[in-house]
Amino acid sequence: MTSINRRDFGIAVVATMLLPVSAAQADDVAIHIDNFVFEPAQLNVKIGTTVTWTNRDDIPHTVVCAGKFRSKPMDTDGTFAFTFTEAGEYKYFCSLHPHMTGSIKVG
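Structure report, in brief. Keep in mind it's a predicted model, so treat the numbers as computed, not measured.

Procedures and definitions
Residues numbered from 1 in each chain as written. Predicted model: local features only at pLDDT ≥ 70, side-chain atom pairs only at ≥ 80, totals over all residues. Heavy atoms only, no water. Buried < 20%, exposed > 50% of the residue type's maximum accessible area, 1.4 Å probe, protein only. Helix = DSSP H or I, 4+ residues; strand = E, 2+ residues; numbered from the N terminus. Pairing = 2+ DSSP bridges. Axes fitted to C-alpha atoms, helices over the stretch in contact; angles between N-to-C directions. Lys, Arg positive; Asp, Glu negative; His and termini not counted. Salt bridge = Lys/Arg side-chain N within 4 Å of Asp/Glu carboxyl O. Contact = heavy atoms within 4.5 Å. Phe/Tyr/Trp six-rings, centres within 6.5 Å; stacked < 30°, edge-to-face > 60°.

1. Focus on the pairing of strand S4 (residues 50-55)
Most of S4 sits out of view: 5 of its 6 residues are buried. Relative to S4, strand S1 (residues 29-34) runs parallel, the two sharing 5 bridges. Its bridge partner lying in S4, His-32 is registered against Thr-54. Alignment of S4 against strand S7 (residues 79-83), held across 5 bridges, turns out to be antiparallel. Note on S7: the bridge partner recorded for Thr-54 is Thr-79.

The following block contains the structure:
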């Protein structure tokens with residue numbers, strides 16, 4: 001087993017920080033569900049972007065876009081992710097609380 005000295009470790013850390021972020025990571029977007037609201041409620045993203053919804057409320061929520069995607073009920077800290085592969089406007093809502101709405105424009 002070999003050990004690494006502090007200098008080499010420092011160089012490795014700096015080199016890692018200078019690496020470019022991959023396209024997949026750069027295009028990932030988060031939406032939070034908090035206090036019965038999707039935040040942000042409107043979003044513009046590029047094709048290929050993955051959006052992840054996270055429920056921060058203490059009751060379940062869903063994310064539904066008719067004919068496109070549907071999450072299972074998410075408990076607190078539950079997540080749902082969808083990758084947008086086609087341009088268009090995606091309007092979504094919570095099926096348990098239909099007054100909760102949002103939209104994503106993909107282009």
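2. Description of the sheet that holds S7
Think of a sheet as strands paired side by side through backbone hydrogen bonds, with each pair either parallel or antiparallel. One open sheet holds the 4 strands; their spatial order is S2-S1-S4-S7, and the pairing between them is mixed. The two strands at the open ends of the sheet, each matched to only one other strand, are strand S2 (37-39) and S7. Recorded for the sheet is a direction-independent mean angle of 20 degrees between the axes of neighbouring strands.

3. Here's the deal with unusual backbone geometry
Backbone torsion omega between Glu-39 and Pro-40 reads 0 degrees, so that peptide bond is classified as cis. Positionally, Pro-40 belongs in the loop between S2 and strand S3 (42-45). Positioned with a positive phi, Asn-35 is a non-glycine residue whose angle comes to about 55 degrees. Relative to the helices and strands, Asn-35 resides in the loop between S1 and S2. The phi dihedral of Asp-77 is positive, around 70 degrees, even though this residue is not glycine. Overall, the relative accessible area of 59% leaves Asp-77 in the exposed class.

4. Points about the side chain of Asp-57
Inspection of the secondary structure puts Asp-57 in the loop between S4 and strand S5 (64-65). Although Asp-57 is buried, it makes no salt bridge; Arg-56 carries the closest opposite charge, 9.1 Å away. Excluding its chain neighbours within four sequence positions, the residues that come into contact with Asp-57 are Ile-33, Asp-34, Asn-35, Phe-36 and Thr-76.

5. Here's the deal with the packing of aromatic side chains
Inspection of the entire model under this criterion finds 9 aromatic pairs. Ring geometry for Phe-69 versus Phe-84: centroids 5.9 Å apart, planes at 85 degrees, classification edge-to-face. You can see Phe-69 sitting in strand S6 (residues 69-70) and its partner Phe-84 sitting in the loop between S7 and strand S8 (88-94), a full 15 residues away along the chain. Classification of Phe-69 as buried rests on a relative accessible area of 7%. Their ring planes at 75 degrees and their centres at 4.9 Å tell us that Phe-82 and Phe-84 sit as a pair that is edge-to-face. You can call Phe-84 buried: its relative accessible area is 0%. Every member of this aromatic cluster is reached through a ring pair, and the members are Phe-38, Trp-53, Phe-69, Phe-80, Phe-82, Phe-84, Tyr-90 and Tyr-92.

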